[in-house]
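The primary structure of each chain is shown beneath.
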Amino acid sequence: MYMALAGIRRCNFRSSMKITSADPTKDEDQVSDLVSTVSIGAGHLRKNGVSNQWIVSGYASYSDHEEYDDLDHLSITGGFSWIHQPSVGYSSFWFGVSANATILEYRDSDAREGIFFDLDLNINRRLTTRVVRHLGYRYTDLVFLNKSASEESRDAAFDTAAHEIYMGLDYEIMPFVDLFAEYAYRHGGITSTVSGGVDASVDYEAQSEDPVFNQCTSPSSCSHRYSYRVVSDMQKLNIGIAFPLSRVNMDITASYFDADGGGKHYENWMAKLGLVWNF
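Just so we're clear, the structure is a prediction, and the values are computed from it rather than from any experiment.

Of the regular secondary structure elements, the chain holds one helix and 15 strands. For the chain, long-range pairs separated by at least 24 residues make up 60% of all intrachain contacts whose partners lie at least 6 apart in sequence. Taken as a whole, the chain presents about 15,600 Å² of accessible surface, with 59% of it coming from carbon and sulfur.

What follows is about the nonpolar core. Ranked by size, the top nonpolar core spans nine residues in total: Ile 190, Val 194, Val 198, Val 202, Tyr 228, Val 230, Met 234, Ala 259 and Tyr 266. It is strand 13 (residues 225-245) that provides the largest number of residues to this core, a total of three residues. Ala 259 has contacts with Ile 190, Ser 232, Asp 233, Met 234, Lys 264, His 265 and Tyr 266, leaving out every residue within four places of it along the chain. Ranked by size, the runner-up nonpolar core spans eight residues in total, among them Leu 71, Leu 104, Tyr 106 and Val 212.

In this fold, Asp 170 is placed in strand 8 (residues 161-174). Given the relative accessible area of 27%, Asp 170 is considered partly exposed. If sequence neighbours within four positions are ignored, Asp 170 has contacts with Arg 130, Val 131, Val 132, His 134, Leu 179 and Phe 180. Reaching out from Asp 170, the side chain makes a polar contact with the side chain of His 134 at a distance of 2.7 Å.

As a further point, take the packing of aromatic side chains. For any pair of aromatic rings, the description rests on two quantities: the centre-to-centre distance and the angle between the ring planes. Within the structure shown, the criterion is met by four aromatic pairs. Taking the centre distance of 6.3 Å and the plane angle of 55° together, the rings of Tyr 204 and Tyr 228 count as tilted. With Tyr 204 in the loop between strand 9 (177-195) and strand 10 (206-209) and Tyr 228 in strand 13, this pair connects stretches of sequence that are 24 residues apart. Residue Tyr 204 is classed as partly exposed on the basis of its relative accessible area, which comes to 34%. The exposure class assigned to Tyr 228 is buried, which follows from its relative accessible area of 0%. One aromatic cluster in this structure is built from Trp 54, Phe 80 and Trp 82. Sitting above the plane of the Tyr 166 ring, Arg 138 keeps its charged end 3.8 Å from the centroid.

Summarising the model, the chain shows a mean pLDDT of 88, and 88% of its residues fall at 70 or more. Mean pLDDT in the chain bottoms out at strand 1 (residues 2-12), which sits at 44, and peaks at strand 5 (residues 94-106), which reaches 98. Within the model, the stretch residues 1-25 combines pLDDT values under 50 with 92 contacts to residues more than four positions away or in other chains.

To continue, consider a nonpolar patch on the surface. Together, Leu 135, Ile 165, Met 167, Tyr 183, Tyr 185, Leu 237, Ile 239, Tyr 256 and Trp 269 line one region of the surface with nonpolar side chains, adding up to about 830 Å² of accessible area. Those elements giving two or more residues to the nonpolar patch turn out to be strand 8, strand 9 and strand 13. Residue placement: Trp 269 occurs in strand 15 (residues 264-278).

Before going further, it helps to examine the pairing of strand 2 (residues 32-48). In this sheet, strand 3 (residues 52-65) lies alongside strand 2 in antiparallel orientation, the contact comprising 14 bridges. The residue of strand 3 that forms the bridge with Gly 41 is Tyr 59. Where strand 2 folds back on strand 3, the antiparallel hairpin that results is connected by three residues, among which Gly 49 adopts a positive phi of roughly 70°.

Turning our attention to the pattern of salt bridges. Summed over all chains, the structure comprises eleven salt bridges. Residues Glu 205 and Arg 229 are paired through a salt bridge, measuring 2.9 Å at the closest nitrogen-oxygen approach. Highlighted residues: Glu 205 in the loop between strand 9 and strand 10 and Arg 229 in strand 13, separated in sequence by 24 residues. For Glu 205, a relative accessible area of 48% gives the class partly exposed. In this structure, a network of salt bridges that share partners links the residues Asp 120, Arg 138, Glu 164, Glu 182 and Lys 236.

Here the focus is the pairing of strand 3. Summarising the sheet, strand 3 and strand 4 (residues 73-84) pair through twelve bridges and their orientation is antiparallel. Among the inter-strand pairings, Val 56 is bridged to a residue of strand 4, identified as Phe 80.

The next thing to look at is the environment of Thr 37. The topology assignment puts Thr 37 in strand 2. Within the structure, Thr 37 has its side chain in polar contact with the side chain of Ser 63 (distance 2.9 Å).

A separate point is the side chain of Ser 227. When you line up the elements, Ser 227 lands in strand 13. A distance of 2.7 Å separates polar atoms of two side chains, one belonging to Ser 227 and the other to Thr 193. A distance of 2.7 Å separates polar atoms of two side chains, one belonging to Ser 227 and the other to Asp 210. The contact partners of Ser 227, leaving out residues within four places of it in the chain, are Ala 157, Phe 158, Thr 191, Ser 192, Thr 193, Ala 206, Gln 207, Ser 208 and Asp 210.

Scoring rules and cut-offs
Residues numbered from 1 in each chain as written. Predicted model: local features only at pLDDT ≥ 70, side-chain atom pairs only at ≥ 80, totals over all residues. Heavy atoms only, no water. Helix = DSSP H or I, 4+ residues; strand = E, 2+ residues; numbered from the N terminus. Contact = heavy atoms within 4.5 Å. Areas by Shrake-Rupley, 256 points an atom, 1.4 Å probe, with all protein chains shown as cover. Core = buried A, V, L, I, M, F, W, Y, C linked by side-chain atoms within 4.5 Å. Buried < 20%, exposed > 50% of the residue type's maximum accessible area, 1.4 Å probe, protein only. Polar contact = N/O pair within 3.5 Å; in protein donor to acceptor, adjacent residues only side chain to side chain. Phe/Tyr/Trp six-rings, centres within 6.5 Å; stacked < 30°, edge-to-face > 60°. Lys NZ or Arg CZ within 6 Å of the ring centre and 35° of its normal. pLDDT = per-residue confidence, 0-100. Patch = residues over 30% accessible without salt bridge, like charges linked within 9 Å, V, L, I, M, F, W, Y side chains within 5 Å. Salt bridge = Lys/Arg side-chain N within 4 Å of Asp/Glu carboxyl O. Pairing = 2+ DSSP bridges.

What follows is the structure, given as structure tokens:
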């Protein structure tokens, strides 16, 4: 099974804080960008009897940032998934396990480079002929690749890992047209970027320089940016629709998260348009 994918995402890097002092949230720390991603990959599916299915896949992606081009990056992903249905039947449960490893190479942001691992364990069941329920657990971890101890310390703000539990529903409006929604609770590290240094009131684990978002009108006038990592409790919501358009499958998704960590409040949203062409 071969596939080519293309997508455009509207990314809002907004990192807002609850005002806990007389200083207002800095406007320059609320930025957005338009990201275009193109991927191509291949996968192999194999069934083992009537109860098991394996998929091995790999793909390469390139993401282009319209505004912050230092974040342009190439990613190469390899992974597998296994689906097991203990008993055959339309209303029977089935279990899924998937794991992926992604190598990240950035245009000019060495601090963000490494291998991103993700693991997903889930249980699924049809509630009606049109509704499927999902419950699951995810673990994600960015591991630095070929960095010295001093480089790992320098880039520590991006060394994040998190646990997540989620539940979701897929609803078939009509044949080949699906609505989907997912709510997740996530605990773990997040990275936020600010100008002029981290607020002393923030209880952060690590801090790194982050010139990607620097705004310099001249060599002598530059708003330096710093990223920091905090442990947060986050709630996430994804809502979208998927449908075919000729030979292309499309999905439109809106995502929102709300997090508390380090004594501050953070929120963000993203809109995504995806196109998938199978050939």
